[in-house]
Amino acid sequence: MSRFSTLRLDRVSRSFGRHAALKELQLEIGGGEFVALLGPSGCGKSTALNCLAGLLPLTGGAIWLDEQRIDRIAPERRGFGMVFQNYALFPHLTVRGNVAFGLKMARVPKADIARRTDRALEMVQLTGHAHKRPGQLSGGQQQRVAIARAIVLEPRLVLMDEPLSNLDASLRLEMRTEIRRLHQSLGLTTVYVTHDQEEALSLADRLVVLRDGVMQQVGTPEEVYGRPANRYVAGFMGYRNMLEVTVASADGDRLSLRLAGARLTGLDRDGLTAGGRAIAAIRPEDLDVAGDDADGRIPADIEVVEYHGRELAVQARLSNGQQVHFRTAGRLAPGDHVELAAAPERVLVFAPDAGEKPQPADEPAKDVPRQKAATP
Ligand code: ATP
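Keep in mind that this is a model prediction, so the values were computed, not measured. (Residues numbered from 1 in each chain as written. Predicted model: local features only at pLDDT ≥ 70, side-chain atom pairs only at ≥ 80, totals over all residues. Heavy atoms only, no water.)

## Some details on the nonpolar core
- With 47 residues, the main nonpolar core has Ile147, Ile179, Leu207 and Met237 as its most contacted residues.
- Not counting the four nearest positions on each side in its chain, Ile147 is found in contact with Val83, Val124, Met175, Ile179 and Leu182.
- Core analysis: the next-biggest nonpolar cluster, separate from the first, contains 29 residues, Leu22, Cys43, Cys51 and Ile70 among them. (Core = buried A, V, L, I, M, F, W, Y, C linked by side-chain atoms within 4.5 Å. Buried < 20%, exposed > 50% of the residue type's maximum accessible area, 1.4 Å probe, protein only. Contact = heavy atoms within 4.5 Å.)

Pasting the structure below:
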């Protein structure tokens, strides 16, 4: 199957009745790239993938492979490989039979089928299991058969929809490495759907973060992890502490903030000015008990301590009622009073969401907003 240089989604939209599941998605994917579509359940990532696959007609926009418009081409004529979370293997066929099936359908000569099937089985390390039926394999092995079945066709694009979500934690990690290795050795352009930020960060060359069918950010793992475009992306990428603060003063992109009667310095991400309310986003791993040279100290009372091996995961409460989460290598117990600090460059300051009223920063919060838990 011929390779391409650019896959272009041009304002791709898909509605179900009045519900717009995907809104004008604009994206260019280079040949050989591994792109992850990331977001919580219902954000539209499977819809985007199914539009690419041809399983869902678009309700707006177009999809181009170089100069060829492909969104009106039947799925089987697009030359794409697909791997889904339910492996959808033929139970009555052997592993070899499952992998060879697509080649037989395509009337590839027998000798070529044997050679290509052997190679695909080798790639996913299943040569020794070729004679077994899917029912005799573990979940991870079945998923490998599904991957072999997709790559044996040498597709110009591989589409994967949460392929690891049915596997247990250790198998997930193993298969993740496997998928990365396959991508590195075969260079197949891949679009991978997941709600797991860690999976997306570790696998993809670029991440596309979606919310309610709208693209929020596209960037390398480093960009999306380190410089989330907005508060939503930050929350999804592990900035679990979303603290309501007041901007005391601004010096370039450095903001001096007031939080629960204490002072904190952070980086402006939204063009904020002095006097306004804002949200300071901090990852639990970037907040710790203040050292001697700390820039700003936030008093907190320890509530819950979890042992995590090398460190403790701690939940504490600020004097204004807001809850914070942090990690520490020190020894702490519920009831301890501490002062917390974070490096200013690790504190990202966003405008409060439009339409969402923040609690007053210096009064007890009745209901501190809880971010969607990112994968620990
Ligand atoms: P998940 O991770 O749960 O699969 P997702 O991000 O892949 O979520 P989609 O499956 O793309 O989300 O769904 C996006 C939105 O479109 C959801 O609100 C969903 O309810 C709606 N939707 C998806 N498929 C259909 C359908 N066939 N009919 C009606 N609504 C649909």
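## Focus: the environment of Gly17
- Along the polypeptide, Gly17 turns up in the loop between β1 (6–16) and β2 (19–30).
- Residues Gly17 and Ile282, 265 residues apart in the sequence, show an inter-C-alpha distance of 39 Å. (Helix = DSSP H or I, 4+ residues; strand = E, 2+ residues; numbered from the N terminus.)

## Here's the deal with the layout of surface pockets
- Computed from the structure, the largest pocket encloses a volume of approximately 700 Å³.
- In terms of lining, the largest pocket is formed by 22 residues, of which the most central are Phe80, Gly81, Gly102, Arg149 and Leu153.
- Elements represented by at least two residues in the lining of the largest pocket include exactly β6 (80–84), α2 (95–105) and α4 (139–151).
- Class assignment of the residues belonging to the lining of the largest pocket gives a composition of 15 nonpolar, three polar and four charged. (1 Å grid on protein atoms, 1.4 Å probe; cavity = no way out; pocket = protein on both sides within 12 Å on 5 of 7 lines; lining within 4 Å. Points joined across faces, edges and corners; volume = space filled by probe spheres on them. Nonpolar A, V, L, I, M, F, W, Y, C, P; charged D, E, K, R; others polar.)

## Here we look at the domain arrangement of the protein chain
- In terms of domain boundaries, the protein chain breaks down into domain 1 (6–231) and domain 2 (240–347).
- Each of domain 1 and domain 2 has a C-alpha centre, and the two are 39 Å apart.
- With five residues of domain 1 at the interface, the matching set in domain 2 holds five residues.
- Of the roughly 480 Å² buried between domain 1 and domain 2, counting both surfaces, carbon and sulfur atoms make up 39%.
- For domain 1, the biggest contributors to the area lost against domain 2 are Tyr225, Arg227 and Arg231; these three give 79% of the whole.
- Seen at the junction of domain 1 and domain 2, the total is zero salt bridges.
- Along the lines of polarity and charge, the residues of the side of domain 1 that touches domain 2 split into three nonpolar, no polar and two charged. (Domains from an automatic or database assignment. Buried area = accessible area lost by both parts, 1.4 Å probe. Salt bridge = Lys/Arg side-chain N within 4 Å of Asp/Glu carboxyl O.)

## Points about the sheet that holds strand β12 (residues 254–259)
- If you trace the five strands once around the closed barrel, you get β11-β12-β13-β20-β14, paired in mixed fashion. The mean angle between the axes of side-by-side strands here comes to 55°, regardless of whether they run parallel or antiparallel.
- Pairing analysis gives five bridges linking strand β11 (residues 241–251) to β12, with the strands arranged antiparallel. Directly across from Asp251, in β12, lies its bridge partner Arg254. (Pairing = 2+ DSSP bridges. Axes fitted to C-alpha atoms, helices over the stretch in contact; angles between N-to-C directions.)

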